Amino acid sequence: MDTVSEKKPVSNAYKYFMIFLCMFTQAIPYGIAQNIQPLFVHPLVNTFHFSLASYTLIFTFGAVAASVASPFIGKGLAKINFKVMYMAGIIISALAYVIFGISSKLPEFYGAAILCMIGSTFFSGQGVPWVINHWFPGKGRGTALGVAFCGGSIGNIFLQPFTQKLLAKYMVGGTKTGHLESMAPFFIFAAALFVIGLIITFFIRTPKDNEIVATKAELEEAKKAAAEAKAKEFEGWTSKEVMKMPWFWIFSIGFLIIGIGLASLNEDYAAFLDTKLSFGVVGTIGMMYGFGCLIGNVTGGILFDKLGTAKAMTYAAVMYVLSIGMMIFVSFQPFGSHASKVAGIAYAIFCGLAVFSYMSGPAFMAKDLFGSKDEGVMLGLVGLAYAIGFAIGAPLFGIIKGMASFTVAWYVMMACVVIGFILLIVSVVKIKGMQKALMNKQNN
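**Q** Which parts of the structure should I look at to understand the overall build of the protein?
**A** Helix and strand counts for the protein stand at 20 helices and four strands. When each of the 444 residues of the protein is scored for burial, the buried share is 52%. Pairs at least 24 apart in sequence give 83% of the contacts found in the protein among residues at least 6 apart. On the protein, roughly 19,400 Å² of surface is accessible, and the fraction owed to carbon and sulfur atoms is 69%.

**Q** Would you explain the packing of aromatic side chains in this entry?
**A** Aromatic ring pairs are described here by two measures, namely the spacing of the ring centres and the angle between the planes. On inspection of all chains with the given rule, the structure shows 38 aromatic pairs. With a centroid separation of 5.6 Å and an interplanar angle of 70°, the aromatic rings of Tyr97 and Phe100 are classed as edge-to-face. With Tyr97 and Phe100 both in helix H6 (residues 82–102) and three residues apart, the pair spans about one turn of that helix. Given the relative accessible area of 0%, Tyr97 is considered buried. Owing to a relative accessible area of 1%, Phe100 belongs among the buried residues under this scheme. Ring centres 6.0 Å apart and planes at 35° place the aromatic pair Tyr269 and Tyr347 in the tilted group. Of the two residues, Tyr269 sits in helix H14 (residues 269–273) while Tyr347 sits in helix H16 (residues 338–353), which places them 78 residues apart along the sequence. You can call Tyr269 buried: its relative accessible area is 2%. Connected via pairs of aromatic rings, a cluster forms that spans Phe40, Phe48, Phe50, Tyr55, Tyr97, Phe100, Phe109, Phe162, Phe186 and Phe189.

**Q** Which parts of the structure should I look at to understand a nonpolar patch on the surface?
**A** Judged by side-chain polarity, Ile91, Phe194, Val195, Ile199, Phe202 and Phe203 come together as a nonpolar surface patch covering roughly 570 Å² of accessible area. Here the nonpolar patch takes five residues from helix H10 (residues 184–203), the largest share from any one element.

**Q** Just checking my understanding: could you explain the pattern of salt bridges for this structure?
**A** Side chains that differ in sign of charge can pair as their charged atoms come close. For the structure shown, the criterion picks out one salt bridge. The salt bridge involving Asp368 is made with Lys432; its shortest N-O contact spans 3.2 Å. Taken together, the positions of Asp368 in helix H18 (residues 361–370) and Lys432 in helix H20 (residues 406–443) put the pair 64 residues apart, joining distant regions of the chain.

**Q** Which parts of the structure should I look at to understand the packing of H6 against helix H7 (residues 106–125)?
**A** To describe two helices that pack against each other, one gives the angle between their axes and the distance between the axes. The interhelical angle for the contact between H6 and H7, taken along N-to-C directions, is 160°, at an axis separation of 7 Å. In terms of orientation, H6 lies roughly antiparallel with respect to H7. Considering only the axes of H6 and H7, their crossing is left-handed. Where H6 abuts H7, its residues Met85, Tyr86, Ala88, Gly89, Ile90, Ile92, Ser93, Ala96, Tyr97, Ile99, Phe100 and Ile102 lie against Glu108, Phe109, Ala112, Ala113, Leu115, Cys116, Gly119, Ser120, Phe122 and Phe123. When its residues are assigned to classes, the contact of H6 with H7 shows 17 nonpolar, four polar and one charged.

**Q** What is the right way to look at H16 in this model?
**A** Turn by turn, an α-helix covers 3.6 residues, leaving residues three or four places apart pointing in a common direction. With 16 residues, H16 should reach 22 Å at 1.5 Å per residue; the first-to-last C-alpha distance of 23 Å fits that figure. Residues of H16 that are buried sit in contact with helix H13 (246–267), H14, helix H15 (279–331) and helix H17 (356–359).

**Q** What is the right way to look at the nonpolar core in this model?
**A** As a rule of thumb, nonpolar side chains are buried together in soluble globular proteins. The biggest cluster of nonpolar side chains holds 129 residues, and the ones touching the most others in it are Tyr55, Tyr97, Tyr320, Phe370 and Trp410. Ranked by residue count, the leading element in this core is H15, at 18 residues.

**Q** How should the side chain of Ser427 be read in this particular structure?
**A** As for its placement among the helices and strands, Ser427 is situated in helix H20. Discounting residues that sit within four places of it in the chain, Ser427 has contacts with Trp247, Ile250 and Phe251.

**Q** When you look at unusual backbone geometry in this model, what are you seeing that I'm missing?
**A** The phi torsion of most residues other than glycine is negative, and most of the peptide bonds are trans. In this structure, His49 is a non-glycine residue whose phi angle is positive, near 60°. Within the secondary structure layout, His49 lies in the loop between helix H3 (41–48) and helix H4 (52–55).

**Q** Teacher, can you tell me more about the environment of Ala263 here?
**A** Positionally, Ala263 belongs in helix H13. Here the alpha-carbon distance between Ala263 and Ala387, two residues 124 residues apart in the chain, equals 9.6 Å. Contacts of Ala263, omitting those with residues within four sequence positions, involve Asp268, Phe390, Gly393 and Ala394.

**Q** How should I be thinking about the environment of Asp374 in this particular structure?
**A** Among the secondary structure elements, Asp374 is positioned in the loop between H18 and helix H19 (375–403). For Asp374, a relative accessible area of 22% puts it in the partly exposed group. A sequence separation of 137 residues divides Asp374 from Trp237, and the C-alpha atoms of the two residues are 7.3 Å apart. Filtering out sequence-adjacent residues up to four positions away, Asp374 remains in contact with Trp237, Thr238 and Ser239.

**Q** Where do I start with the confidence of the model for the protein in this structure?
**A** Residues shown with low pLDDT carry predicted positions that ought not to be read at fine detail. Averaged over every residue, the pLDDT of the protein is 85; the share at 70 or more is 90%. Within the model, the stretch residues 1–5 combines pLDDT values under 50 with one contact to residues more than four positions away or in other chains.

**Q** Help me understand the side chain of Gln34 in this model?
**A** You can see Gln34 is positioned in helix H2 (residues 12–35). Setting aside its immediate chain neighbours within four residues, Gln34 contacts Cys116, Met117 and Ser120.

**Q** Can you walk me through the packing of H2 against H7 in this structure?
**A** Interaxial distance between H2 and H7 falls to 9 Å at its minimum, and their mutual angle equals 165°. With respect to H7, the element H2 is oriented roughly antiparallel. Judged by the twist between their axes, the crossing of H2 over H7 is left-handed. On H7, the residues touching Thr25, Gln26, Pro29, Tyr30, Ala33 and Gln34 of H2 are Cys116, Met117, Ser120, Phe123 and Ser124.

Here is what the cut-offs are and how they apply
Residues numbered from 1 in each chain as written. Predicted model: local features only at pLDDT ≥ 70, side-chain atom pairs only at ≥ 80, totals over all residues. Heavy atoms only, no water. Helix = DSSP H or I, 4+ residues; strand = E, 2+ residues; numbered from the N terminus. Buried < 20%, exposed > 50% of the residue type's maximum accessible area, 1.4 Å probe, protein only. Contact = heavy atoms within 4.5 Å. Areas by Shrake-Rupley, 256 points an atom, 1.4 Å probe, with all protein chains shown as cover. Phe/Tyr/Trp six-rings, centres within 6.5 Å; stacked < 30°, edge-to-face > 60°. Patch = residues over 30% accessible without salt bridge, like charges linked within 9 Å, V, L, I, M, F, W, Y side chains within 5 Å. Salt bridge = Lys/Arg side-chain N within 4 Å of Asp/Glu carboxyl O. Axes fitted to C-alpha atoms, helices over the stretch in contact; angles between N-to-C directions. Parallel < 35°, antiparallel > 145°, perpendicular 65-115°, else oblique. Left-handed = near helix turned anticlockwise from the far one by under 90°. Nonpolar A, V, L, I, M, F, W, Y, C, P; charged D, E, K, R; others polar. Expected span 1.5 Å × (residues − 1). Core = buried A, V, L, I, M, F, W, Y, C linked by side-chain atoms within 4.5 Å. pLDDT = per-residue confidence, 0-100.

Encoded structure:
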């Protein structure tokens, strides 16, 4: 029998189901592995008498480990059955939560965080794009990826308040000074991550060899559109040429400093707000942050396309300054004040709206500023600058808080954000000017 006749097309409904499974992966397994960890900081610091700076190093070690492991996991996906890789990641992250639950010393928590981050790379960082790219090889890939990754923001909407309520159930004492009487929340989340991940594993997959996920006409259309876009795009400079540009280094330093400032907004917000508001209110603020991120992720690409890099990042800078301003305001308020609740919600929305700056920002800026000639290398360099800053930011915030106060720490983070964005935006304008001069020279 002719092998071509054995091939069968896959319905759009089934492909949309794969998007839903990826979105569900981001909402629950990824949400547990990544998004709720900051909510445990304050209870654990109180319970085991760690310093904030020493404990928040879990985010640094986890991020570095995941970055190192990611390329190897990507190679593994090409050689090993996807379901096996997906389930391996689920098991590793669930095991990490079990280790969290039996830990009492910092090295044990560091080890658990490293495992958790590496595990999530299997099913999220590498896994979700792998699935989407296979089911959508041509038209619709970008939209499918955007919808899939929105799952993380959607998960935040209900995971954040649920986590705070669960922690409150197992805590003794007030929000500010209370400690955990049981590590049960870790085991509950380990079970939830494993069970839900296992259910998803039964259904999620990549296409079989005899399945047609895109017609020949669709693939040809996508190929033609890509060729036309490539003909119009700025070819740019090689990575070696870019590395010789002073403005590239100013851009990178700016993005690194921004990473320092933003780490606290993502990793330390709960530890701070727990000292000013009840667990329930902090959970509500986390839910609002989820709403803000959902809007920010969806609108980020539009802002870059319509406004360009400089204006879009200026908008992000304003949002971040406002969000940190809200935190500074809260630091002067008494515990449980209504003003703190309002300012906390405002922080969550402002911060969420600007999330595109480091989510889709590196990919857009790498190509927009430096061209397509060495796009992959430049994306790595741009992303690395932010990652280094982010890795420094969380423990630095804890050190400053320990030496002075939360208020001083927020002022320092505000300075980092302002200085970092000024350096980045000025360098963007200068690089775009160099780009325009090069294109004029090539056309003459």
